[in-house]
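So you can see what is in the structure, the chains are spelled out below.
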Amino acid sequence: MAAKEFDIVLLTDHRYVAPKKLTPYISNILTEDAILTNSLVKLGMRVARKSWDDPNFDWSKTKAVVFRTSWDYFDRLVEFNTWFHEIAQKTRMINSKSLVQWNMDKHYFLDFMQKGIRLPKTLFIEKGEALSLNEIVQKARNTLQFNQTDLILKPCISGGARDTYKIESTKIDDYESIFADVIKIKAMMLQEFQANVLTQGEVSLMVFDGKFTHAVLKLAKPGDFRVQDDHGGSVHEYRAEQEEIDFAEAVVRACPEMPIYARVDIFKDNTNQWSLVELEIFEPELWFRLYPKAAIVLATALKQKLEL
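Residues numbered from 1 in each chain as written. Predicted model: local features only at pLDDT ≥ 70, side-chain atom pairs only at ≥ 80, totals over all residues. Heavy atoms only, no water.

Caption draft 1: Structural view of the nonpolar core. Membership of the largest hydrophobic core comes to 44 residues, with the highest contact counts inside it found for Leu40, Phe67, Phe80, Trp83, Phe288 and Leu298. Sort the elements by how many residues they give to this core and helix H9 (residues 293–307) lands first, with 7 residues. Formed by 31 residues, the second largest nonpolar core is a distinct cluster that contains Phe124, Ala262, Ile266 and Trp274. (Core = buried A, V, L, I, M, F, W, Y, C linked by side-chain atoms within 4.5 Å. Buried < 20%, exposed > 50% of the residue type's maximum accessible area, 1.4 Å probe, protein only. Helix = DSSP H or I, 4+ residues; strand = E, 2+ residues; numbered from the N terminus.)

Listed below in structure tokens is the structure:
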């Protein structure tokens, strides 16, 4: 067997490998990867950082790849999927290939629903659906008892709130043409809008090897509903209550297999109960810059995984 040059390669996308211009956003990415890299090196690991589409790197030269900031994948999905399946033959993926595939598509909600994880009421709309948006909304009201609230329409595969729309219940007609265009090319999901996100925000809990490490609170900017910093949202240190920690760890235990790293996003739903927004076990932002000790926890888990 050929010798391995690296133990772990942290995956990013080409924009963040050697950026010529540093924005606060890019600086955060570099800081996060540096903290994790340093933690891995302190444990004796040989680490590199590469763009997932690097044409010059031999992926068989690393024991494993860890998805960190490959955030252009959903804009290049066909190309990414081809690469993804090719390198799975050459190296180990962490999290695992099967787990990443499961998590990339939010149809994983269906598995969680069956296991009793609380989620917003969700109607999946498959690519090529012939019904109009008004007909879809009426179906949701009839079958899932959607209330007369505002709605959220978003893709099953996406990131950074791309193609995500908040639709007032009285203005569904205004989104018919948008819906007709997008449903031709991707599956979507329709949910009731959860009003508490506007005042209470969204909590992200990091769970490494099944155990909670730290949390942050994400708040949308005034006049918006999206908490992502791409859209002007802000991130704050947060002390999670035990109820939130228990919820997050239960979500991770409900996965098809235990992820080494996970971010569990939750909020108070319209009935003021904790509910899952999404689970990120593919390329989640983990906010090590707010809690650097968590990087050691993850680095230790990664080393142990490679030693199995």
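Caption draft 2: Region of interest: the packing of helix H2 (residues 77–87) against helix H3 (residues 97–104). Contact pair H2 / H3: the axes reach a minimum separation of 12 Å and the direction vectors enclose 160°. Relative to H3, the element H2 is oriented roughly antiparallel. The handedness of the crossing between H2 and H3 comes out as left-handed. Residues Leu77, Phe80, Asn81, Phe84 and His85 of H2 form the contact with H3, whose own contacting residues are Lys97, Val100, Gln101 and Met104. Partitioning the contact of H2 with H3 into residue classes produces 5 nonpolar, 3 polar and 1 charged. (Axes fitted to C-alpha atoms, helices over the stretch in contact; angles between N-to-C directions. Parallel < 35°, antiparallel > 145°, perpendicular 65-115°, else oblique. Left-handed = near helix turned anticlockwise from the far one by under 90°. Contact = heavy atoms within 4.5 Å. Nonpolar A, V, L, I, M, F, W, Y, C, P; charged D, E, K, R; others polar.)

Caption draft 3: Quick look at the sheet that holds strand S1 (residues 6–12). Read from one edge of the open sheet, 4 strands run S2-S1-S3-S4, paired in parallel fashion. Looking at the sheet topology across the chains shown, the edges are occupied by strand S2 (47–51) and strand S4 (92–94). Here the strands of the sheet are splayed against their neighbours by 30° on average, with no regard to which way each runs. As defined by bridge partners, S1 adjoins S2 across 5 bridges and the pair is classed as parallel. Note that in S2 the partner of Val9 across the bridge is Ala48. (Pairing = 2+ DSSP bridges.)

Caption draft 4: Main features of the sheet that holds strand S11 (residues 234–238). If you walk across this open sheet you meet the 5 strands as S11-S10-S9-S12-S13, and the pairing is antiparallel. Of all strands in the sheet, those bounded by a partner on one side alone are S11 and strand S13 (274–280). Taken pair by pair, the neighbouring strands of this sheet meet at an average axis angle of 30°, ignoring direction. Its contacts with the sheet place helix H8 (residues 242–253) against strand S9 (202–208), strand S10 (211–219), S11, strand S12 (261–268) and S13, and it is angled at close to 45° to S13.

Caption draft 5: Representation of unusual backbone geometry within the structure. Going from Ile94 to Asn95, the amide bond is cis rather than trans, its omega being 0°. Although it is not a glycine, Asp209 adopts a positive phi angle of roughly 55°. For Asp209, the location among the structural elements is in the loop between S9 and S10. Non-glycine residue Asn272 carries a positive phi angle of around 65°. The residue Asn272 is located in the loop between S12 and S13 in this model. Asn272 sits in the partly exposed class, given a relative accessible area of 49%.

Caption draft 6: Just the pattern of salt bridges, in detail. With the rule as written, the count across this model stands at 16 salt bridges. Its salt-bridge partner being Arg76, residue Asp53 comes within 2.9 Å of it at the nearest N-O pair. Here Asp53, found in the loop between S2 and strand S3 (62–69), pairs with Arg76, found in the loop between S3 and H2; they are 23 residues apart in sequence, far enough to count as distant. Accessibility expressed as a relative area gives 22% for Asp53, which makes it partly exposed. Its salt-bridge partner being Glu285, residue Arg289 comes within 3.3 Å of it at the nearest N-O pair. Salt bridges sharing partners connect three or more residues here, namely Asp53, Asp72, Arg76 and Glu79. (Salt bridge = Lys/Arg side-chain N within 4 Å of Asp/Glu carboxyl O.)

Caption draft 7: Broad picture of helix H5 (residues 133–143). Residues of H5 that are buried include every one of Leu133, Ile136, Val137, Ala140 and Arg141, and no others. What you see down the axis of H5 is that its buried residues fit within an arc of 140°, all on one side. In this structure, the buried residues of H5 make contact with strand S5 (122–125), strand S6 (151–155), strand S7 (165–167), helix H6 (176–182) and strand S8 (188–192). With its phi angle positive at about 55°, Gln145 sits one or two positions after the end of H5. (Arc of directions from axis to C-beta.)

Caption draft 8: View of the environment of Val41. Locating Val41 in the fold gives a position in helix H1 (residues 24–42). Its relative accessible area of 44% is what places Val41 among the partly exposed residues. Sequence-wise, Val41 and Ala299 are 258 residues apart; in three dimensions their C-alpha atoms are separated by 8.9 Å.

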